[in-house]
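Reading the structure
One-letter residues, chain by chain:
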Amino acid sequence: MTSVFVYGTLKQGQPNHHYMISGNKGRGRSCGSGVTVEKYPLVVAGKFNIPFLLNEPGSGHHVTGDIYTVDSQLLQFLDEFEGCPEMYQRKQVKIRTVEWKATDKRLCVQPDADGMLPCFVYCTSTYDREWLKLPFHSTYDAFGKLGQPKYVIRDCR
């Protein structure tokens, strides 16, 4: 099992979350929530209002999200779903756990004594440099509850 940190439409309560838990694309299990140790710019961009974590460590905010363990089948699906490596690139980053609810020791992943956990995250280095002028966020909501533009789901594009 592999640890993945999701900050956008794959989080709980967001429109693509079903991919993380349905079992149709592989096995995923919610382990808790966390925040990036390093700051990153999280922007909402493009004509479909997609959340992008820009691979610019040190600028932006500590970004909040959900932590999952996923099997190789789901990880492969996520790579395809995220357009990896063209649109997003999968990168390992350090996440500070905020809530850890996975008590099953068979998961083979546990935060260290300081609550840190290395996780894969989908970020991008292949973006329009103008995006650096967009507002940076620490969290994301696809439905516009945080004043961000509403996400356009794939079926409506």
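Use the structure listed above.
Residues numbered from 1 in each chain as written. Predicted model: local features only at pLDDT ≥ 70, side-chain atom pairs only at ≥ 80, totals over all residues. Heavy atoms only, no water.

1. Considering the packing of aromatic side chains
Two aromatic rings are characterised by how far apart their centres lie and by the angle between their planes. Summed over the entire model, instances satisfying the criterion amount to 6 aromatic pairs. Arranged with centres 5.3 Å apart and planes meeting at 20°, the rings of Phe52 and Tyr88 form a pair that is stacked. Of this pair, Phe52 sits in strand E4 (residues 50-53) while Tyr88 sits in the loop between helix H2 (72-81) and strand E6 (89-100), placing them 36 residues apart in sequence. Accessibility assignment for this pair places Phe52 and Tyr88 in one class, buried. The exposure class of Phe52 is buried, given its relative accessible area of 5%. Pairwise contacts between aromatic rings join Phe52, Tyr88, Tyr127 and Trp131 into one cluster. (Phe/Tyr/Trp six-rings, centres within 6.5 Å; stacked < 30°, edge-to-face > 60°. Helix = DSSP H or I, 4+ residues; strand = E, 2+ residues; numbered from the N terminus. Buried < 20%, exposed > 50% of the residue type's maximum accessible area, 1.4 Å probe, protein only.)

2. So, the side chain of Asp79
Of note, Asp79 is situated in helix H2. When residues no more than four places from it in sequence are discounted, the contact partners of Asp79 are Cys84, Arg90 and Tyr122. (Contact = heavy atoms within 4.5 Å.)

3. Some details on the pairing of strand E7 (residues 116-123)
By the criterion of burial, E7 is predominantly enclosed, with 6 of the 8 residues buried. As defined by bridge partners, E6 adjoins E7 across 8 bridges and the pair is classed as antiparallel. Residue pairing for E7: Lys91 is matched across the bridge by Val121. (Pairing = 2+ DSSP bridges.)

4. Some points on the layout of surface pockets
Within this model, the largest pocket holds a volume of roughly 250 Å³. Looking at the largest pocket, it is lined by 19 residues, and the ones nearest its centre are Thr9, Ile50, Phe81, Glu82 and Tyr88. The residue makeup of the lining of the largest pocket, split by class, is 12 nonpolar, 4 polar and 3 charged. (1 Å grid on protein atoms, 1.4 Å probe; cavity = no way out; pocket = protein on both sides within 12 Å on 5 of 7 lines; lining within 4 Å. Points joined across faces, edges and corners; volume = space filled by probe spheres on them. Nonpolar A, V, L, I, M, F, W, Y, C, P; charged D, E, K, R; others polar.)

5. Details of the nonpolar core
Counting residues in hydrophobic clusters, the biggest one holds 40 residues, and the most contacted among them are Tyr7, Phe52, Leu53, Val70 and Leu78. Sorting the residues of this core by element identifies strand E1 (2-6), strand E3 (42-45), E4, strand E5 (64-70), H2, E6 and E7 as the ones contributing at least two each. Once residues within four sequence positions are removed from consideration, Phe52 is found in contact with Tyr7, Pro41, Leu42, Val43, Ala45, Met87, Tyr88, Thr124 and Trp131. (Core = buried A, V, L, I, M, F, W, Y, C linked by side-chain atoms within 4.5 Å.)

6. Some thoughts on the pattern of salt bridges
Per the counting criterion, the structure on display carries 3 salt bridges. The closest approach of N and O atoms between Arg129 and Glu56, which form a salt bridge, is 3.4 Å. Note that Arg129 is positioned in the segment after E7 and Glu56 in the loop between E4 and E5, a separation of 73 residues in sequence. On the basis of relative accessibility, which here comes to 25%, the residue Glu56 falls in the partly exposed class. (Salt bridge = Lys/Arg side-chain N within 4 Å of Asp/Glu carboxyl O.)

7. Focus on the pairing of E3
With burial as the criterion, each face of E3 is covered, one bearing Leu42 and Val44 and the other bearing Val43 and Ala45. Judged from the 4 bridges that link them, E3 and E4 form a sheet pairing that is antiparallel. When the sheet's bridge partners are listed, Leu42 is paired in E4 with Leu53.

8. Looking at the side chain of Thr97
Of note, Thr97 is situated in strand E6. Not counting the four nearest positions on each side in its chain, Thr97 is found in contact with Ser33, Gly34, Ile67, Pro111, Gly115 and Leu117.

9. Some remarks on H2
Taken residue by residue, H2 has Leu74, Leu75, Phe77, Leu78, Asp79 and Phe81 as its buried positions. Residues of H2 that are buried in the fold lie against E1, helix H1 (18-21), strand E2 (28-36), E5, E6 and E7.

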